[in-house]
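Below are the chains, spelled out letter by letter.
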Amino acid sequence: MAKKKDISQAVREICLWFPETEEVLSHGSPDFRVKGKTFATYVINHHGDGRIALWLNAPEGAQPHYVKQESKHFFVPPYVGPRGWLGVNLDKGISWKTVARLVREAYTKVAPAALTRSLGATVEISPPTATLKPEDIDPMQSKRAQAVLKELRDVCLSLPETSEDKQFGNPVWRAGKKVFAQAYCYRADRKLQLAFWVGVDQQALLIRDPSFSIPAYLGHNGWIALDVTKSANWREIRSLALFSYRHFALGRMLRALDA
């Protein structure tokens, strides 16, 4: 029996059909490019929005037309939306023939004329029949991630005036209003990581251990990331959480902690 095709495979089947297209990972999501120019980006659960979508470099005027006419299937994507890109929901019943046509429009917008002239009839694919697993949409839904979150939640919420929140789609814990602990897992590498503030001096010491790394965006502010994909030293994690908490906590919170 042939293996069932999911949405991710269907997207690649369409996008890679176009001449000289290459797939490049950018900010954790697959970009489809021709001659270095992006015409489509495949994005799953961007910052926790729950969408399985294509962001397409659409022709001028296409975005407002489609979004107004069929808001179930189309939306204005973040970042590139102001430049006219079109967001396409792929799991809400849209025809894959329509998807292929829209991808073609995006491709022809940026591809050299010599390539667009050679296209012929637009590719037609059989629709995907396999559904993505919850952890494929949000890696934090895996059994391992849920088990780690339960333990980390107990550690963080045992400290005075702490709360759990979400930031960019990922769980964070706050000391008052300040984030002192974070958990995240990106589809690109599937590494489950916990992040805490340790200060720049401690960073240099900790990264001697390969399970630690300096995270993007946060690292320059003194944060460290710990890979807990396979195992976790909870004594170490509690120590890191407490150190980070003390850095951000207000005086009254520290007094309550030490009482």
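That block above? That's the structure.
Parameters at a glance
- Residues numbered from 1 in each chain as written.
- Predicted model: local features only at pLDDT ≥ 70, side-chain atom pairs only at ≥ 80, totals over all residues.
- Heavy atoms only, no water.
- Salt bridge = Lys/Arg side-chain N within 4 Å of Asp/Glu carboxyl O.
- Helix = DSSP H or I, 4+ residues; strand = E, 2+ residues; numbered from the N terminus.
- Axes fitted to C-alpha atoms, helices over the stretch in contact; angles between N-to-C directions.
- Parallel < 35°, antiparallel > 145°, perpendicular 65-115°, else oblique.
- Left-handed = near helix turned anticlockwise from the far one by under 90°.
- Contact = heavy atoms within 4.5 Å.
- Pairing = 2+ DSSP bridges.

Engineer: Account for the pattern of salt bridges, naming residues and giving values.
Structural biologist: On inspection of all chains with the given rule, the structure shows 11 salt bridges. Where Arg 153 meets Glu 164, a salt bridge forms, and the shortest distance between an N and an O atom there is 2.6 Å. One end of the pair, Arg 153, is in helix H6 (residues 143-157); the other, Glu 164, is in strand S7 (residues 162-167), with 11 residues separating them in the sequence. Note that Asp 258 is salt-bridged to Arg 246, the shortest N-O span being 2.7 Å. With Asp 258 in helix H9 (residues 251-258) and Arg 246 in helix H8 (residues 234-248), this residue pair connects regions lying 12 residues apart in the sequence.

Engineer: Can you lay out unusual backbone geometry for me, pointing to particular residues and giving the numbers?
Structural biologist: In the Ramachandran plot, Glu 20 falls in the positive-phi region, its phi being about 60° despite a non-glycine side chain. Of note, Lys 35 is a non-glycine position whose phi angle comes to about 55°, a positive value.

Engineer: So what about the packing of helix H1 (residues 7-15) against helix H3 (residues 96-110)? Which residues, and what values?
Structural biologist: Two numbers describe how H1 lies on H3: the axes approach to 10 Å, and their chain directions differ by 45°. As the angle between them shows, H1 and H3 are arranged oblique. Considering only the axes of H1 and H3, their crossing is right-handed. Facing H1, whose interface residues are Ile 7, Ala 10, Val 11, Ile 14 and Cys 15, H3 presents Trp 96, Val 99, Ala 100 and Val 103.

Engineer: Break down the sheet that holds strand S11 (residues 212-213) for me, citing the residues and quoting the values.
Structural biologist: Strand order in the open sheet formed by 6 strands is S7-S8-S9-S10-S12-S11, with antiparallel pairing between adjacent strands. Of all the strands in the sheet, just S7 and S11 have a single pairing partner and so form its edges. Where S7 meets strand S8 (residues 170-175), 6 bridges bridge the pair, whose relative direction is antiparallel. Note on S8: the bridge partner recorded for Gln 167 is Asn 170. Contacts from H8 reach S7, S8, strand S9 (178-185), strand S10 (192-197), S11 and strand S12 (223-227), with the element oriented near 40° to S10.

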